[in-house]
There are 2 protein chains.
Amino acid sequence: MEEMEDRRRVGYHIHRDVMGEIEVDSVAQKSEVNTSLLDKFKESMRCSGPRAKSCFLSSVPLLFWLPRYPFKENVFGDLVSGISVGIMHLPQGMAYALLAAVPPVFGLYSSFYPILIYFIFGTSKHISVGTYAVMSVMIGSVTERLAPDSEFIVWTNNSNESFIDTAAQINKRIAIAAAVTFLSGIFQLLLGLVQFGFVVTYLSEPLVRGYTTGAAIHVMVSQLKYMFGINPQRYNGPLSLIYTVLDVCSLLGGTNIGTLVVSIVTIVCLVSAKEVNSLLARKLPVPIPVELITIIIATAVSWRFDFKTLYEVEVVGEIPSGLQPPVLPDFSLMGTMVGDAFALAVVGYGIAISLGRTFALKYGYKVDSNQELIALGLCNSVGGMFQCFAISCSMSRTMVQISTGGKTQIAGALSAVVMLVILLWIGSLFEELPKAVLAVIINVNLQGMFKQFSDVSGLWRTNKVDMLVWLMTFILTVLLNPDVGLAASIAFSILTVIFRTQLPKYSLLGQVPGTDIYRPVEDYNQVVQIPGLVIFRSSATLYFANAEMYADHLYEKSGVDITKLLVHKKKLEAKRLRKEKKEQKKAKKEAKKRAVEMLEAPELSDKEEKLAVAIVAEPELDPCCDSGLPKAIILDLSPVNFLDTVGLKTLRDIHRDYGDAGVKVLLSGCQSCVIENLEKGGFFNDKVTKAVLFSTVHDAVLHCQQGDTKEAMKGTHF
Amino acid sequence: MEEMEDRRRVGYHIHRDVMGEIEVDSVAQKSEVNTSLLDKFKESMRCSGPRAKSCFLSSVPLLFWLPRYPFKENVFGDLVSGISVGIMHLPQGMAYALLAAVPPVFGLYSSFYPILIYFIFGTSKHISVGTYAVMSVMIGSVTERLAPDSEFIVWTNNSNESFIDTAAQINKRIAIAAAVTFLSGIFQLLLGLVQFGFVVTYLSEPLVRGYTTGAAIHVMVSQLKYMFGINPQRYNGPLSLIYTVLDVCSLLGGTNIGTLVVSIVTIVCLVSAKEVNSLLARKLPVPIPVELITIIIATAVSWRFDFKTLYEVEVVGEIPSGLQPPVLPDFSLMGTMVGDAFALAVVGYGIAISLGRTFALKYGYKVDSNQELIALGLCNSVGGMFQCFAISCSMSRTMVQISTGGKTQIAGALSAVVMLVILLWIGSLFEELPKAVLAVIINVNLQGMFKQFSDVSGLWRTNKVDMLVWLMTFILTVLLNPDVGLAASIAFSILTVIFRTQLPKYSLLGQVPGTDIYRPVEDYNQVVQIPGLVIFRSSATLYFANAEMYADHLYEKSGVDITKLLVHKKKLEAKRLRKEKKEQKKAKKEAKKRAVEMLEAPELSDKEEKLAVAIVAEPELDPCCDSGLPKAIILDLSPVNFLDTVGLKTLRDIHRDYGDAGVKVLLSGCQSCVIENLEKGGFFNDKVTKAVLFSTVHDAVLHCQQGDTKEAMKGTHF
């Protein structure tokens, strides 16, 4: 017992000593928090004097790493890797241009300019930036929404027939894609400059995987028309995917047989070639560029047998050679695409940074998240001026870049050189390539994304709430389209934090015998509840969404219904008042009687009389004893992260209600920020001092037991 | 030292014993959680057999409390209170009907039917249900959106003039108000039946107060036209309040002088009468019904001097006597008002339950939140059939009901009787009452709500995040209107949970000397960091929004940059490989040399040679020693409420990265739900066993120190 008390005293003193300091520290800390953002901003702006050089170097990483490039060691790997990736860019760029609903050559541009810029400004050595299916389909939804077929219908003068002015529509779509890309780049630049790289933390892994899977469905559906050679109506807004699928199904009767044959043959060839590739993966130094071979053969066959005119197979069409001068994007379009551009900025960055980080960790270097934002922002804003569409980085190309020995951004730069060669001299050779082949390439490449469906069963076992996030993100993305779906998914994933903390587990704690450890009595059968004390803990933080439940469960678990208690107290008081009145009346009567009896009965001594009164009065004066109340309630607040007004009010109410009933309420395990919240919220006053705070549950228990001892000692004195 | 070890052992054993049980318990607990909602639902549906009676009693509380009504004690208070509140209902009902944009008599209906129904089904004894300004203005926004002036313009045949078909418009508006009321009642009933009373927890106090203040602005602005006698254009959608104010300002030139004079006189009289009332509050048993007196005088004066025709003052108009038969609401309208009806349901319930709870706590009884939902749902759905508009409860009437001695729902029933008398015989007397008087009554009554502005300064001192919730709710409500504003505010208040936990405080913990208490070293200057150990704690739970920061801060605080470490390790390995190659070459050379030198130098003993090699090799073989790594990292997870996939992955990465570098990572203070998350998430495997879990930080520290002792002992053995 002595040892225990000693232990307690030490704990308590420390706790009291420390209180004064917290205030000082907390003020210092707070001002730090308030200014840190500003400081960061200033820091990022204030690049003058001696720091200018390092600041400049950090914003143009190329200048830092290129002079130190270990030429002999890396150059061969980078060369092979660069050429392999460059070859991949050709079919992917053209295919993803279909997704974005612009002519294929713009996919080639998008695989050239942004890569050069990333080479200069990027910090990841391994990711292959460039066209990406999800981004392309997002662009596609913007271009198709803002330049629908209905706007370009031209009525012929003579008859009632109409046709769509395809040339005007394509020009509009190119302008739209460039504008939204430029705007998303500006968003990324701005976010990077104010060091808001952390926004990506809202894109948790289950969300990103659910999102990309949902987007893959959109990608697949948008390619069906090319694979079947049909022309379904365009739909926009929520559920447009469903309408499109229904429309495609109803149009299947009008399938272009030539196109369908091309699709089927390509699928069979591509899938089997990929299988061979993966079987031989270990033996080959460089994977076979199956997609390149596919488009070369398909172009040759299509040209030789004139698919276009004989079978009405839709082909890629004109691919102009050479590059085009930059033009400023059409600013007048931007008002209607702010949301889309922001979604593109966040998604593009989210995909790139998560891939970049993965490989940075694997190969032991650092990716600067804000510099990445700036690099991607420059890629997209400059790219937008060269009529590229928004880029991110592709998992498949990145894997090839790494597996073929790519070690630095040089590989990326070399792949851009390959693209330049293609753009200048080779591109126009592919004019006879059937679009169906590109659509098949896209859909076969999607298989990796569809493999993500297996996440669901994994998450079902490991974390059901995260599975819910995955599924909801998937469903929302499929139903509401990638742009609105992303916002809705992020909102939902934030809401899960509420779900997870709204229904916490409430427990009474008991002591592990012989230790100062307290554990929930329902989890552990060896722990012992301390008689006369209620030790209560919620597994989650205490805030508006669960504050009411906290109080309810405390009342329930402690077996003390505070409402009944107060009613009981009131009744007792009323009873006492009535009794007092009665007794006053009685007293008058008795006074007379006594005068008579005085002579008969022997008088009680003063002390004896007091004792008797005490015995009679006790059960009524002390409501604790007769309603089986605990002596004290100890609230273990160690899982509490913060206290909002509602949580604070709940604690105050608990303290007041039990206090009224004569039960002490002690708080233990508060973190310093919680104590700060209590202080600022006015929890402490003349009546409630900081003496109710204890370092640990054990300290509070010892305090109560010490109190008992004192009272017991008082008792013996009396 | 012996004592410490002993202490540790006890703690450790308990921890290990307990693990097995957790699994069993957790399964039981989980299935309980999954079924509890269903059970509740079944329970609420399954009212048969012996429980039927109590179930019936609990759903019709009247049957429970009326037979036990203490007639003698309560009847007088309830009578006075009922009449006082009934008298208040008259002006408020008529005034709030203006807000709802329906004729005044429907405000009187709304102050009659719902009150009778609440008398039967309600559980709060003190709240005065009936018309409420915020609800009325929400109804008004629906009626005005769905029945705008533009729909009822009738062009006269002869000229180009047009007029608005007021009669048709009013009929449409009445139908709309009744339909939305009916639908909101159905929502409340449904929520009550599935026991979803807890939805109201999302309406935290700062949110409700910010919301009612914002709604008060809408109420005030909507009354300006009656006070000035002008007719501004109707606006809908976001920012409509701003447009309305601008329109009112531009129309001020056309103010009706008669109406303005009536308004000013009424304001002066009402405000001074209210002041007198509050001064005399203590002396009077019943407050003076200033509003009733005001409308009586105003009606008399308006009738006597014929304001309507002489000064073109707009008056209340026809008030039909008697009651109307119920009609089914127009179901065809309901598709367009689902959102509004849901907002009405939530707001109405939120206001009523928070007032009800406040007084229940004060007077020591219980308000059943689900029964309240059902009661309000019946009030509104039945009320909707009698063409009432949605009701809630009003603070001002409730205060009067209590201060005049109302003790039970009987007071409410009596106030309904007063309303019945008014409806049957007196109502039509008020036809000449100027609408401006009602508008003034509304605006003067709003002063209580505008007093809530002082919340902001209070919250600024106590809790800045809650102040932000208040302000954002206010701004969103003002700008986006009460319906959309409510949804946006709830979303924002949920987002604040993220704000509060996204930027936690990360600390290294040190030991309070001589105790088993560990505290942040930056907060307390007496604590001592344990050499060779890093004890790390985040003040908030670990989840997707802060998981990355957790790892970053751990690396920073522990002084161990894991990226550099891995790079360093790789370099060391490469160096070793190079050295090995060199040495192999050297060895060949030396073998020759040695054969020569053999005869000259004295040979080292085998043991001496080993030692020398060890001395040379040591600094390179053990990266821990030369990079100043800690021996172990202890993560105090006691503030963690739950682990999601991202948090788990972070812990796994930390464990793996530091493990690779030879640093042990121990977890302490995990709650059982966190351990469950770790288990299910596959954190534990052959390499990572549950031995990394410790009850408290101290246990983990003792474990590490024990390890040291063992190693030291090993050392001595060698």
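Chain A appears in an unreviewed UniProt entry as STAS domain-containing protein from Pygocentrus nattereri.

Draft legend 1. The arrangement of unusual backbone geometry in detail. Within the chain, Ala101(A) stands out as a residue other than glycine whose phi angle is a positive 60°. The topology assignment puts Ala101(A) in the loop between helix H4 (71-99) and helix H5 (104-110). If you check the backbone angles, Glu312(B) has positive phi at about 55° while not being a glycine. Relative to the elements of secondary structure, Glu312(B) occurs in the loop between helix H13 (307-310) and helix H14 (338-363).

Draft legend 2. Molecular detail of the packing of helix H9 (residues 205-228) of chain B against helix H11 (residues 257-279) of chain B. Residue and element names in this part refer to chain B. Between H9 and H11, the least distance of the axes is 7 Å, while the angle of their chain directions is 115°. On H11, the residues that touch Tyr226, Met227 and Phe228 of H9 are Thr259, Leu260, Ser263 and Ile267. In terms of residue class, the contact of H9 with H11 is made up of 5 nonpolar, 2 polar and no charged.

Draft legend 3. Seen up close, the interface of chain A and chain B. Contacts between the two partners involve 81 residues from chain A, matched on the other side by 81 residues from chain B. Across the interface of chain A and chain B, roughly 6,900 Å² is buried in total on both sides, 54% from carbon and sulfur atoms. Counting across the interface, chain A meets chain B through 2 salt bridges. With a shortest N-O distance of 2.7 Å, Arg357(A) and Glu548(B) are connected by a salt bridge. The interface formed by chain A and chain B contains 17 residue pairs in polar contact (both at pLDDT 80 or more). A per-class count over the side of chain A that touches chain B returns 29 nonpolar, 25 polar and 27 charged.

Draft legend 4. Spotlight on the packing of aromatic side chains. Applying the stated rule across the entire model yields 42 aromatic pairs over all chains. Centroid distance Tyr543(A) to Phe544(A): 5.4 Å. Interplanar angle 75°. Geometry classified as edge-to-face. On the accessibility criterion, Phe544(A) (5% relative accessible area) is buried. Taken together, a centroid distance of 5.6 Å and an interplanar angle of 25° make the contact between Trp470(B) and Phe474(B) stacked. A residue pair is termed a helical-turn pair when its members lie 3 or 4 positions apart in one helix, as Trp470(B) and Phe474(B) do in helix H21 (residues 464-502) at 4 residues. Looking at Trp470(B), the relative accessible area reads 0%, which means it is buried. Here Phe474(B) falls in the buried class, since its relative accessible area comes to 14%. Through pairs of rings, three or more aromatic residues link up here, namely Phe106(A), Tyr109(A), Phe112(A), Tyr113(A) and Phe386(A). The cationic tip of Arg68(B) hangs over the ring face of Phe64(B); the distance from NZ or CZ to the ring centre is 4.0 Å.

Draft legend 5. Just the pairing of strand S8 (residues 632-636) of chain B, in detail. Residue and element names in this part refer to chain B. Counting buried positions along S8 yields 5 of 5 residues, so the element is predominantly enclosed. As paired strands, strand S7 (residues 533-538) and S8 are joined by 5 bridges and run parallel to one another. Directly across from Phe536, in S8, lies its bridge partner Leu635. Of the pairings in the sheet, the one linking S8 to strand S9 (residues 664-668) comprises 5 bridges and is parallel in character. Residue Ile634 lies in a different strand from S9, and its bridge partner there is Leu666. In this region the chain leaves S8, passes through helix H26 (residues 645-660) and returns to the parallel neighbour S9; the handedness of that crossover is right-handed.

Draft legend 6. Local environment of the relation of the copies chain A and chain B. Note on the identical chains: chain A maps onto chain B by a rotation of 180° and an axial translation of 0.0 Å, with an RMSD of 0.1 Å. Such a turn and shift between the copies fits a two-fold axis. When each C-alpha of chain A is compared by its distance to the rotation axis, Pro639(A) comes out closest, at 2.1 Å.

Draft legend 7. Up close: H9(B). All names here are of chain B. Taking 1.5 Å as the rise per residue, H9 with 24 residues should run 34 Å; its terminal C-alpha atoms sit 35 Å apart, in good agreement. In the structure, H9 departs most strongly from a straight axis at Ser222, where the bend amounts to approximately 25°. Counted residue by residue, H9 has 18 buried out of 24 residues, so it is predominantly covered. Phi turns positive one or two residues past the end of H9, at Gly229, with a value near 65°.

Draft legend 8. Structural context of a positive patch on the surface. Residues and elements named next belong to chain A. There is a patch of like positive charges on the surface, built from Lys575, Arg578, Lys581, Lys582, Lys585, Lys586, Lys589 and Lys593. Inspection of the secondary structure assignment puts Lys585 in helix H23 (residues 562-597). Lys585 sits in the exposed class, given a relative accessible area of 65%.

Draft legend 9. Layout of the environment of Trp425(B). Residue and element names in this part refer to chain B. Among the structural elements, Trp425 can be located in helix H17 (residues 409-426). Among the residues examined, Trp425 registers a relative accessible area of 61% and is labelled exposed. Considered as a pair, Trp425 and Gly322 are 103 residues apart in the sequence and their alpha carbons are 7.5 Å apart.

Draft legend 10. Focus on the domain arrangement of chain A. Looking at chain A, the domain boundaries give domain 1 (76-498) and domain 2 (506-563 + 628-717). For domain 1 of chain A versus domain 2 of chain A, the separation of C-alpha centres amounts to 57 Å.

Draft legend 11. Focus on empty space enclosed by the protein. Enumeration according to the criterion identifies 15 cavities of 30 Å³ or more in this entry. Roughly 750 Å³ of volume is contained in the largest cavity. Residue lining of the largest cavity: 43 residues in total, with Ser638(A), Ser695(A), Thr696(A), Ser638(B) and Thr696(B) positioned closest to the centre. Within the residue set of the lining of the largest cavity, elements represented by two or more residues are strand S6 (518-520) and helix H28 (697-717) of chain A together with strand S6 (518-520) and helix H28 (697-717) of chain B.

Draft legend 12. Local environment of the UniProt feature "transmembrane region" (unreviewed entry) in chain A. Residues and elements named next belong to chain A. Those residues carrying the UniProt feature "transmembrane region" (unreviewed entry) are residues 96-121, 174-198, 241-272, 284-305, 331-352, 373-397, 409-426 and 470-499 in this numbering. Along residues 96-121, the helical share is 77% and the strand share 0%, with 24 Å between the first and last C-alpha atoms. Split by type, residues 241-272 is 84% helix and 0% strand. Its first and last C-alpha atoms lie 30 Å apart.

Draft legend 13. Looking closely at the sheet that holds S8(B). Residues and elements named next belong to chain B. Spatially, S6-S5-S7-S8-S9-S10 is the arrangement adopted by the 6 strands of the open sheet, whose pairing is mixed. Strand pairing shows two members of the sheet lacking a second neighbour, S6 and strand S10 (693-694), which therefore form its edges. Pairing geometry for S9 and S10, over 2 bridges, is parallel. Paired with Leu667 across the strands is Leu693, a residue of S10.

Draft legend 14. View of the environment of Ala97(B). All names here are of chain B. Within the secondary structure layout, Ala97 lies in helix H4 (residues 71-99). On the basis of relative accessibility, which here comes to 0%, the residue Ala97 falls in the buried class. Remark: the alpha-carbon pair of Ala97 and Gly107, spanning 10 residues in sequence, is separated by 4.7 Å. With residues near it in sequence (within four places) discarded, Ala97 still touches Val102, Pro103, Pro104, Gly107 and Phe389.

Cut-offs used in this document
Residues numbered from 1 in each chain as written. Chains lettered and ligands numbered in written order. Predicted model: local features only at pLDDT ≥ 70, side-chain atom pairs only at ≥ 80, totals over all residues. Heavy atoms only, no water. Helix = DSSP H or I, 4+ residues; strand = E, 2+ residues; numbered from the N terminus. Axes fitted to C-alpha atoms, helices over the stretch in contact; angles between N-to-C directions. Contact = heavy atoms within 4.5 Å. Nonpolar A, V, L, I, M, F, W, Y, C, P; charged D, E, K, R; others polar. Buried area = accessible area lost by both parts, 1.4 Å probe. Salt bridge = Lys/Arg side-chain N within 4 Å of Asp/Glu carboxyl O. Polar contact = N/O pair within 3.5 Å; in protein donor to acceptor, adjacent residues only side chain to side chain. Phe/Tyr/Trp six-rings, centres within 6.5 Å; stacked < 30°, edge-to-face > 60°. Buried < 20%, exposed > 50% of the residue type's maximum accessible area, 1.4 Å probe, protein only. Lys NZ or Arg CZ within 6 Å of the ring centre and 35° of its normal. Pairing = 2+ DSSP bridges. Right-handed = clockwise from strand over helix to strand, strands pointing away. Least-squares fit on C-alpha atoms with pLDDT ≥ 70 in both. Expected span 1.5 Å × (residues − 1). Bend = angle between axes of the 7 residues up to and from the residue. Patch = residues over 30% accessible without salt bridge, like charges linked within 9 Å, V, L, I, M, F, W, Y side chains within 5 Å. Areas by Shrake-Rupley, 256 points an atom, 1.4 Å probe, with all protein chains shown as cover. Lys, Arg positive; Asp, Glu negative; His and termini not counted. Charge placed at Lys NZ, Arg CZ, Asp CG, Glu CD. Domains from an automatic or database assignment. 1 Å grid on protein atoms, 1.4 Å probe; cavity = no way out; pocket = protein on both sides within 12 Å on 5 of 7 lines; lining within 4 Å. Points joined across faces, edges and corners; volume = space filled by probe spheres on them. UniProt positions renumbered as here; feature names shortened; annotations may be inferred.

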